[in-house]
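# Chains, contacts and geometry: an overview
The primary structure of each chain is shown beneath.
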Amino acid sequence: EAAVTQSPRNKVAVTGGKVTLSCNQTNNHNNMYWYRQDTGHGLRLIHYSYGAGSTEKGDIPDGYKASRPSQENFSLILELATPSQTSVYFCASGDWGGQNTLYFGAGTRLSVL
Amino acid sequence: GDSVTQTEGPVTVSESESLIINCTYSATSIAYPNLFWYVRYPGEGLQLLLKVITAGQKGSSRGFEATYNKETTSFHLQKASVQESDSAVYYCALGEVNTGNYKYVFGAGTRLKVIA
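Computed from a predicted model, the values in this text were never measured in an experiment. (Residues numbered from 1 in each chain as written. Chains lettered and ligands numbered in written order. Predicted model: local features only at pLDDT ≥ 70, side-chain atom pairs only at ≥ 80, totals over all residues. Heavy atoms only, no water.)

Moving on, we get to the pattern of salt bridges. Applying the stated criterion across every chain yields a total of seven salt bridges over all chains. In this structure, Glu79 of chain A and Lys65 of chain A form a salt bridge, with 3.3 Å as the shortest nitrogen-oxygen distance. You can see Glu79 of chain A sitting in the loop between strand S8 (75-78) and strand S9 (87-94) and its partner Lys65 of chain A sitting in strand S7 (residues 65-67), a full 14 residues away along the chain. Linking Lys58 of chain B and Glu65 of chain B is a salt bridge whose minimum nitrogen-to-oxygen distance equals 3.5 Å. For Lys58 of chain B, a relative accessible area of 52% puts it in the exposed group. Taking relative accessible area as the criterion, Glu65 of chain B reaches 31% and is therefore assigned partly exposed. Residues joined by salt bridges that share partners form a network here, namely Arg36, Asp38 and Arg44 of chain A. (Salt bridge = Lys/Arg side-chain N within 4 Å of Asp/Glu carboxyl O. Helix = DSSP H or I, 4+ residues; strand = E, 2+ residues; numbered from the N terminus. Buried < 20%, exposed > 50% of the residue type's maximum accessible area, 1.4 Å probe, protein only.)

So this is what it looks like as structure tokens:
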């Protein structure tokens, strides 16, 4: 069974603080993605990666950095968190050219106060 | 740019009643994108419900079905008789190859509540 695990599941941060959201996948997929979900919006792509060592900007990358140290792990980093980054964040893995299906983690609810 | 528009929720349906969640798409860079429905149950991540990659075809899963209509650029989700366990958030999405990568565009999601 494909598995994507996110941590933490819930996080409260202070404005200006640093936040790291972690994602681990056991699917051996090359591609990994970070999305955020806000009420009234579809999932919006923040960063993605084609494999270890690669990170690419998605549609809304400002204020976020990403790190892919290995095939299995993909982190999203908020260096200076702001209240506008309060959201639910989803990590996903997938391989295109095959099933083109995304496998999602359960999400991280982040509140920046 | 590409976009996906779906029924604004929440949608409340009585158990055993029929359901339709509308989805229309706009794909500017490709004529026939792949189309997906994902579902998110409480406390879980999104999971694939069904997908169709060929225009005119129908996909089905767990009693749900959706037909890829290229004329109306629609991919409505239907179920003849819903159950309480179908309560979840449903996302319509399109996927396409864009600048050498496979890109997904998601709708805002439709929250479905099924009442006994």
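Resuming the write-up.
A word on the interface of chain A and chain B. In this assembly, 20 residues from chain A lie in contact with 20 residues from chain B. Taken together, the links from chain A to chain B amount to one salt bridge. Between Lys103 of chain B and Asp59 of chain A there is a salt bridge; the shortest N-O distance is 3.7 Å. On inspection of chain A and its partner chain B, the count reaches two residue pairs in polar contact (both at pLDDT 80 or more). Looking at which element gives the most residues to the side of chain A that touches chain B, the answer is strand S4 (residues 31-37) of chain A, with three residues. Across the side of chain A that touches chain B, the residue classes break down as 10 nonpolar, eight polar and two charged. (Contact = heavy atoms within 4.5 Å. Polar contact = N/O pair within 3.5 Å; in protein donor to acceptor, adjacent residues only side chain to side chain. Nonpolar A, V, L, I, M, F, W, Y, C, P; charged D, E, K, R; others polar.)

Read these as spatial facts, not as claims about activity.
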